[in-house]
Amino acid sequence: MNDGNAKFDVGKWALIGACVLFVFIMLVVPLITVVAYALRQGFAVFRDAILDRYAIAALQLTLFTTVVCVAVNTFFGLFASWAITKFSFPGKGVLSTLIDIPFSISPVIAGLVLILVFGRIGWAYGFFESLGVKVVFATPGIVLATIFVTFPFICRELIPLMQSQGSEEEEAAALMGAGGLAIYRKITFPHIKWGLLYGLILCTARALGEFGAVSVVSGHLRGKTNTLPLHIEILFNEFKLTAAFAVSSVLVVLAVVILILKNIVLHRSKGEV
Amino acid sequence: MFRKNPKVIPGFGLSLGITLTMLSLIVLIPLLSVFIVMAGYSFGEFWSTVTNKMVLYAYRLSLVCSLVAALINCVFGVALAWVLTRYRFAGRGLLDGLIELPFALPTAVAGIALTTIYSDQGSIGRLFAKIGVKISYTPIGITIALVFIGIPFVVRSIQPVLEKLDPQYEEAALVFGASKAKTFLRVVFPEILPALLTGFGLAFARGLGEYGSVVFIAGNIPYQTQIAPLLIMGKLEQFNYAGGTAIALVMVVFSFVILFGINVIQRVVDKA
């Protein structure tokens, strides 16, 4: 629609300029800042900061938490989206809304509720204590908090896709005697695979970076219950700016990889549907 | 309803069972603990905690900063969605790809980066310090962090609607002599309004609860930059779980109201 205008369209370029400037200041400058500060005292300092014993322990905990969280949420997402899109039952709308709760609740509150259940004052404390399992201020609490915060991620990507697909094909297959697993693998899965991958990517990104909820339940024990974002907080509060930004740059690289993957997935899925 | 729709597709019991069990164990039961714990206290205790002057200040600060940030995001969100769907220019793909950066970048990283940029010695903060405006450790800084975190919500809500909206109508309005501004307000704006409201609600809710990106730039000064999530965190660090829970309960109610609002909007739109 703009090609018809032979003269220079001032409004169009002013709008593009304003948007580019906004994105540059709000999004690009922070990225550049992280990298610039990480390297400002030279590569040796940078290397020492990311190879620090506590930084590596934190990275391991973060990766472990992310893998468990993504696995649990994928399991949930696949079943929940199946139940919600392939059947009609009373209370479906309510169920769908309840699944979204973690989206609109502060991560700090997500951490708080875990303390209220599993902490020393919580009603489940005695039970886990007798099993010898420490939940709050230990790894299980961190994993649970991360799962809570990212709970709807995969489900939310799958539901609209499966809804727009309808369920006629699955019904036909079922009437012809196909089993549940065969229907899923042959009919449903090919439709949702890109959506699932997209959800996995978003969930991974959030799980890697989760801070508020984990901060409440972690207990901040260095080398034990510190995730990478918490390690960054400690370094920053100790005024070790270069180290904080060096460790951050590891997460920035992951974030950029995630963004690129996301765009590839989005591009592919548009090409196929 | 059940009779009309016989369940030929297998797996209803299994999938609903797993869904309900996991949802209850991970989300609902822990969340209900907030109400159970509060039931152990009298209403007077609850009320005096949440109407404490410092707490009221924190709620107001959280609400105002999130609201302003969400409104700023509405303006730039509409502009960005418009530019991304209606114009073709070099770097459009890159601009589009960058929008989700706040989702991909860990909030703590964003938080320390923003704090450094907008501090008195920082690359942007320095310019403002010259004219006597402090950004880091003030409500302006909090708002900037919340704008950062809210950008994708508004853009990604509006973009699909604009993509589907046929530019023919806009062209027709222009051909008939309507000005560009009028065309936008009369033809485009009504179409994107529900999506804009959804995006606004999502950004607002996220801003109210946001912690990681705000905690550093806020600085946690009571009566100045202490937002509600920071106040809850402070109570928890003093092991004042009842106090933290009381403040959280009010926040949960805020969140539910917003979530409910979004759902109502979406339902109205789906029916229309």
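Residues numbered from 1 in each chain as written. Chains lettered and ligands numbered in written order. Predicted model: local features only at pLDDT ≥ 70, side-chain atom pairs only at ≥ 80, totals over all residues. Heavy atoms only, no water.

1. Description of the pattern of salt bridges
Then step 1. A complete count under the given rule lists 10 salt bridges over all chains for this structure.
Then step 2. Between A:R156 and A:D100 there is a salt bridge, and its shortest N-O distance comes to 2.5 Å. Of this pair, A:R156 sits in helix 9 (residues 153-165) while A:D100 sits in the loop between helix 4 (92-99) and helix 5 (101-104), and the two are 56 residues apart along the sequence. As far as the burial class goes, A:R156 and A:D100 line up, both buried.
Then step 3. Put simply, B:R86 and B:E170 hold a salt bridge, and the shortest N to O gap is 2.7 Å. (Salt bridge = Lys/Arg side-chain N within 4 Å of Asp/Glu carboxyl O. Helix = DSSP H or I, 4+ residues; strand = E, 2+ residues; numbered from the N terminus. Buried < 20%, exposed > 50% of the residue type's maximum accessible area, 1.4 Å probe, protein only.)

2. A few points about the interface of chain B and chain A
Then step 1. Contact residues are listed per partner, giving 90 residues for chain B and 88 residues for chain A.
Then step 2. The contact between chain B and chain A buries some 7800 Å² in all, and 82% of this surface belongs to carbon and sulfur atoms.
Then step 3. Here chain B and chain A share one salt bridge between them.
Then step 4. In this structure, B:E100 and A:K262 form a salt bridge, with 2.4 Å as the shortest nitrogen-oxygen distance.
Then step 5. The interface formed by chain B and chain A holds seven residue pairs in polar contact (both at pLDDT 80 or more) in total.
Then step 6. With 18 residues, helix 1 (residues 12-39) of chain B is the single largest residue contributor to the side of chain B that touches chain A.
Then step 7. When the residues that make up the side of chain B that touches chain A are grouped by side-chain class, the tally is 63 nonpolar, 17 polar and 10 charged. (Contact = heavy atoms within 4.5 Å. Buried area = accessible area lost by both parts, 1.4 Å probe. Polar contact = N/O pair within 3.5 Å; in protein donor to acceptor, adjacent residues only side chain to side chain. Nonpolar A, V, L, I, M, F, W, Y, C, P; charged D, E, K, R; others polar.)

3. Topic: the environment of A:W82
Then step 1. Topologically, A:W82 is positioned in helix 3 (residues 53-86).
Then step 2. Here the alpha-carbon distance between A:W82 and A:E170, two residues 88 residues apart in the chain, equals 11 Å.
Then step 3. Reaching out from A:W82, the side chain makes a polar contact with the backbone oxygen of B:P10 at a distance of 3.2 Å.

4. Thoughts on the packing of helix 3 (residues 53-86) of chain B against helix 12 (residues 228-237) of chain B
All names here are of chain B.
Then step 1. The contact between helix 3 and helix 12 brings their axes to 8 Å, and the two run at 140°. Put simply, helix 3 runs oblique to helix 12. Contacts between helix 3 and helix 12 involve M54, V55, A58, Y59 and S62 from the former and A228, P229 and L231 from the latter.
Then step 2. In terms of residue class, the contact of helix 3 with helix 12 is built from seven nonpolar, one polar and no charged. (Axes fitted to C-alpha atoms, helices over the stretch in contact; angles between N-to-C directions. Parallel < 35°, antiparallel > 145°, perpendicular 65-115°, else oblique.)

5. Structural notes on the environment of B:G261
Then step 1. By secondary structure assignment, the location of B:G261 is in helix 13 (residues 241-271).
Then step 2. Residues B:G261 and B:G201, 60 residues apart in the sequence, show an inter-C-alpha distance of 7.8 Å.

6. Regarding the confidence of the model for chain A
Caution is warranted with low-pLDDT regions, since their predicted coordinates should not be read in detail.
All names here are of chain A.
Then step 1. In the predicted model, chain A carries a mean pLDDT of 89, and the fraction of residues at 70 or more is 96%.
Then step 2. Within chain A, no element has a lower average pLDDT than helix 5, which sits at 85, and none a higher one than helix 8 (residues 139-150), at 95.
Then step 3. Counting contacts from residues 1-5, a segment whose pLDDT is below 50, to residues more than four positions away or on other chains yields seven contacts. (pLDDT = per-residue confidence, 0-100.)

7. What about the nonpolar core?
Then step 1. In terms of nonpolar packing, the biggest core is built from 184 residues, with A:M26, B:L80, B:L105, B:Y118 and B:I158 touching the most fellow members.
Then step 2. Element by element, the count of residues in this core is highest for helix 3 of chain B, at 15 residues.
Then step 3. When residues of this core are assigned to domains, at least three map to each of domain 1 (1-40) and domain 2 (42-271) of chain B.
Then step 4. Once residues lying within four places of it in the same chain are set aside, the contact partners of B:L105 are A:L31, A:V252, A:A255, B:A110 and B:F148. (Core = buried A, V, L, I, M, F, W, Y, C linked by side-chain atoms within 4.5 Å. Domains from an automatic or database assignment.)

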